[in-house]
Amino acid sequence: MGRAARLNVQANKKVAKKSTVVLVKDQPNLGSAGDVVTVSMGYFRNNLEPFGLAKKATGDVLASVAADAAPRLPPRTPSPPAPRPSPPRSRPSASSW
């Protein structure tokens, strides 16, 4: 009879355990709609994606988020200068009491 086949074990490649996603709806403790966040792959796959709460952050999705966010920002107006603090009051001396 012939020799038994030899089992050759190779190291498995590490898989990225985090994923960058764009939130479609507000999520407590995670962010608001349009935010780009990093979450674990399992959380995205099991809780966010099936319910339509987030999309994977691809080039097309990021471009649409940037286009939507640009008009949302209010125009920046310069703020008025801060009021100057009043000079410190002088303390009455002990002899004037």
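Residues numbered from 1 in each chain as written. Predicted model: local features only at pLDDT ≥ 70, side-chain atom pairs only at ≥ 80, totals over all residues. Heavy atoms only, no water.

Q: Please give an account of the overall build of the protein that cites residues and values.
A: The number of helices and strands found in the protein is two helices and three strands. Along the protein, from the amino end to the carboxyl end, the secondary structure elements read β-β-α-β-α. In the protein, which comprises 97 residues, the proportion classed as buried is 13%. When contacts within the protein are restricted to residue pairs at least 6 apart in sequence, those whose partners lie at least 24 apart make up 36%. On the protein, roughly 9100 Å² of surface is accessible, and the fraction owed to carbon and sulfur atoms is 56%. (Helix = DSSP H or I, 4+ residues; strand = E, 2+ residues; numbered from the N terminus. Buried < 20%, exposed > 50% of the residue type's maximum accessible area, 1.4 Å probe, protein only. Contact = heavy atoms within 4.5 Å. Areas by Shrake-Rupley, 256 points an atom, 1.4 Å probe, with all protein chains shown as cover.)

Q: Give me the sheet that holds strand E2 (residues 36-40): which residues, what numbers.
A: Strand order in the open sheet formed by three strands is E2-E1-E3, and the pairing between neighbours is antiparallel. This sheet does not close on itself; its edge strands, each paired only once, are E2 and strand E3 (54-56). Geometrically, the sheet is characterised by an average inter-axis angle of 45° between neighbouring strands, direction not taken into account. As paired elements, strand E1 (residues 18-23) and E3 share three bridges and run antiparallel to each other. (Pairing = 2+ DSSP bridges. Axes fitted to C-alpha atoms, helices over the stretch in contact; angles between N-to-C directions.)

Q: Any chance you could break down the environment of Lys-56 for me, citing the residues and the numbers?
A: Assignment of secondary structure puts Lys-56 in strand E3. The spatial distance from the C-alpha of Lys-56 to the C-alpha of Leu-23 is 8.9 Å, given a sequence separation of 33 residues. Not counting the four nearest positions on each side in its chain, Lys-56 is found in contact with Ser-19, Thr-20, Val-21, Met-41, Phe-44 and Val-61. At 3.3 Å, the side chain of Lys-56 and the side chain of Ser-19 are in polar contact. (Polar contact = N/O pair within 3.5 Å; in protein donor to acceptor, adjacent residues only side chain to side chain.)

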